[in-house]
Amino acid sequence: MSRSEIAVCLKDLTKKFGDFTAVDRVSLEVAKGEIFGFLGPNGAGKSTTCLLYTSPSPRDRTRSRMPSSA
């Protein structure tokens, strides 16, 4: 997939709350126009992953890329 086709890119996303690891090294790429489902049980880290992508904290180990145009 070329860089111009990627709408969402996460690389090794990790989030810890004290000793608890809520999100552990999540990596994914979603292409423009692709429909992507993010499924899992309660407490799996879905909302935390989305929050980290949209507004990462400098304390969290995060590398993500927002689309260049909306």
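Residues numbered from 1 in each chain as written. Predicted model: local features only at pLDDT ≥ 70, side-chain atom pairs only at ≥ 80, totals over all residues. Heavy atoms only, no water.

(A) Quick peek at the pairing of strand β2 (residues 20-31). Sheet topology note: the strand β1 (residues 6-17)/β2 ladder contains eight bridges and is antiparallel. Across the sheet, residue Lys16 finds its bridge partner in β2, namely Thr21. Joining the antiparallel neighbours β1 and β2 is a turn of two residues, in which Gly18 adopts a positive phi near 65 degrees. (Pairing = 2+ DSSP bridges. Helix = DSSP H or I, 4+ residues; strand = E, 2+ residues; numbered from the N terminus.)

(B) Focus on the packing of aromatic side chains. Using the criterion set out here, one finds one aromatic pair in the structure. Taking 6.2 Å as the distance between ring centres and 35 degrees as the angle between the ring planes, the aromatic pair formed by Phe36 and Phe38 counts as tilted. Given a relative accessible area of 42%, Phe36 falls into the partly exposed group. Since its relative accessible area comes to 33%, Phe38 is described here as partly exposed. Across the ring face of Phe17, the terminal group of Lys15 is positioned such that the distance to the ring centre comes to 4.8 Å. (Phe/Tyr/Trp six-rings, centres within 6.5 Å; stacked < 30°, edge-to-face > 60°. Buried < 20%, exposed > 50% of the residue type's maximum accessible area, 1.4 Å probe, protein only. Lys NZ or Arg CZ within 6 Å of the ring centre and 35° of its normal.)

(C) Summary view of helix α1 (residues 46-54). All of the buried residues in α1 are Thr49, Leu52 and Tyr53. Looking down the long axis of α1, one finds its buried residues gathered within 100 degrees of arc, a one-sided arrangement. Seen from the open side of α1, the exposed residues pointing more than 90 degrees away from its buried face are Ser47, Leu51 and Thr54. (Arc of directions from axis to C-beta.)

(D) Spotlight on the side chain of Thr49. Mapped onto the secondary structure, Thr49 falls in helix α1. The exposure class assigned to Thr49 is buried, which follows from its relative accessible area of 5%.

(E) Representation of the nonpolar core in the model. Leu10, Leu13, Ala22, Val23, Leu28, Val30, Leu52 and Tyr53 form the largest nonpolar core, which has eight residues in total. Mapped by element, the contributors of at least two residues to this core are β1, β2 and α1. In terms of residue count, β2 provides more of this core than any other element does, four residues in total. Residues in contact with Val30, not counting those within four places in the same chain, are Glu5, Ile6, Ala7, Val8 and Phe36. (Core = buried A, V, L, I, M, F, W, Y, C linked by side-chain atoms within 4.5 Å. Contact = heavy atoms within 4.5 Å.)

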